[in-house]
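Breakdown of the fold
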Amino acid sequence: MAMANQTQVRDARLKKLAQSIDALAVKDETMLRHAREMAALRRAAAADLHAICTDFVNSLNRLLAQCEVQLDPRGYGEESFHDNNINLMQINVRGRILQVAFKATPELVSTEDFRVPYTLEGTVRAFNQDLLDKDLIEEQLIFFTLENHKRMWRFFDARTYRSGPFDQEYLIGLMEQLL
């Protein structure tokens, strides 16, 4: 009788263990799917950031008669994004430079440096020769945020706590400070 009881207990434990392993497989697949979705989102967000910069540069160049604003790199697709490295973009007009550097967060989603969840983080640096001579570089943080299903690039000025969308208006304001 005791042997039959031990067998029933062992069989119940085996059944429970098998269910846990099956549940683990489902959980792992869900995590992998989420990681793939976040990787695709990061690539698209990087391309979107370049598109914002491209629109700004093209809008300015259409109005300029004497100069040309340059964007480096000129082209940027989702395949250009480097998940494990810093990604750089630079807007240059006659030595007045806006430099955008960003990278993926170590976790898929973070709130470490900004209150809104984000998946990409970086900086925008604005400088010219006068500022460099004074050892001054204007620097603000940028984040690709995931706020309530609204995904967007945002800037954050750590000195003033000012925050807003990273868009043409933001870039116009930064460039105006350099002239």
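The following refers to the structure shown. (Residues numbered from 1 in each chain as written. Predicted model: local features only at pLDDT ≥ 70, side-chain atom pairs only at ≥ 80, totals over all residues. Heavy atoms only, no water.)

1. Regarding the sheet that holds strand E4 (residues 118–127)
Read from one edge of the open sheet, seven strands run E1-E2-E3-E4-E5-E6-E7, paired in antiparallel fashion. The open sheet has two free edges, formed respectively by strand E1 (70–72) and strand E7 (162–165), since each of these has just one partner strand. Averaged over all pairs of adjacent strands, the angle between their axes in this sheet comes to 20°, without regard to strand direction. Two strands pair when backbone bridges link them, and E1 and strand E2 (residues 87–93) are joined in this way by three bridges, in the antiparallel orientation. Considered in E2, the bridge of leucine 71 is made with isoleucine 91. Against the sheet, helix H3 (residues 168–178) contacts E2, strand E3 (96–104), E4, strand E5 (138–147), strand E6 (150–157) and E7, and its axis sits at roughly 135° relative to E3. (Pairing = 2+ DSSP bridges. Helix = DSSP H or I, 4+ residues; strand = E, 2+ residues; numbered from the N terminus. Axes fitted to C-alpha atoms, helices over the stretch in contact; angles between N-to-C directions. Contact = heavy atoms within 4.5 Å.)

2. Let's talk about helix H1 (residues 2–63)
Under the 1.5 Å per step criterion, the end-to-end length of H1 is 91 Å for 62 residues, consistent within 8% with the ideal 92 Å. Listed as buried for H1 are Met38, Leu41, Arg42, Ala45, Ala46, Ala47, Leu49, His50, Ile52, Cys53, Phe56 and Val57. (Expected span 1.5 Å × (residues − 1). Buried < 20%, exposed > 50% of the residue type's maximum accessible area, 1.4 Å probe, protein only.)

3. Things to note about the pattern of salt bridges
Tallied over the full model, the rule gives six salt bridges. Between glutamate 29 and arginine 36 there is a salt bridge, with the nearest N and O atoms lying 3.1 Å from each other. The exposure class assigned to glutamate 29 is partly exposed, which follows from its relative accessible area of 36%. Between arginine 159 and glutamate 138 there is a salt bridge, with its nearest N and O atoms 3.1 Å apart. Taken as a pair, arginine 159 in the loop between E6 and E7 and glutamate 138 in strand E5 lie far apart in primary sequence, 21 residues in all. On the basis of relative accessible area, arginine 159 is assigned to the exposed category, the value being 59%. (Salt bridge = Lys/Arg side-chain N within 4 Å of Asp/Glu carboxyl O.)

4. Some words on the nonpolar core
Counting residues in each nonpolar core, the largest one holds 34 residues, and the members touching the most others are Ile91, Phe102, Ile142, Trp153 and Phe166. Contributing elements (two or more residues each) for this core: H1, E2, E3, E4, E5, E6 and H3. Here the element with the most residues in this core is H1; it accounts for nine residues. Beyond its immediate chain neighbours, meaning those up to four positions away, isoleucine 91 contacts Cys53, Phe56, Val57, Val69, Gln70, Leu71, Arg96, Ile97, Leu98 and Met175. If you look at the next biggest cluster of nonpolar residues, it comprises five residues, including Phe114, Val116, Tyr118 and Phe143. (Core = buried A, V, L, I, M, F, W, Y, C linked by side-chain atoms within 4.5 Å.)

5. Points about the pairing of E7
Bridge analysis of E6 against E7 gives four bridges, and the strand direction is antiparallel. For arginine 154, the partnering residue across the bridge sits in E7 and is proline 165. Joining the antiparallel neighbours E6 and E7 is a turn of four residues, in which tyrosine 161 adopts a positive phi near 65°.

6. Focus on H3
Within the span of H3, buried status applies to Tyr170, Leu171, Leu174, Met175 and Leu178. Buried residues in H3, looked at end-on, bunch into an arc of 130°, giving them a common side. Facing away from the buried side of H3, by more than 90 degrees, are the exposed residues Glu169 and Glu176. The backbone nitrogen of glutamate 169 has a side-chain oxygen 3.2 Å away, supplied by the residue at the start of H3, namely aspartate 167. (Arc of directions from axis to C-beta. Polar contact = N/O pair within 3.5 Å; in protein donor to acceptor, adjacent residues only side chain to side chain.)

7. Some thoughts on unusual backbone geometry
Geometrically, the link from aspartate 72 to proline 73 is a cis peptide bond, its omega value of 0° lying close to zero. Here proline 73 shows up in the loop between E1 and E2. The phi angle at arginine 94 is positive, at roughly 50°, despite the residue not being glycine. On the secondary structure map, arginine 94 appears in the loop between E2 and E3. Its relative accessible area of 62% is what places arginine 94 among the exposed residues. Residues other than glycine seldom take positive phi values, yet tyrosine 161 does so here, at roughly 65°. If you trace the backbone, tyrosine 161 turns up in the loop between E6 and E7.

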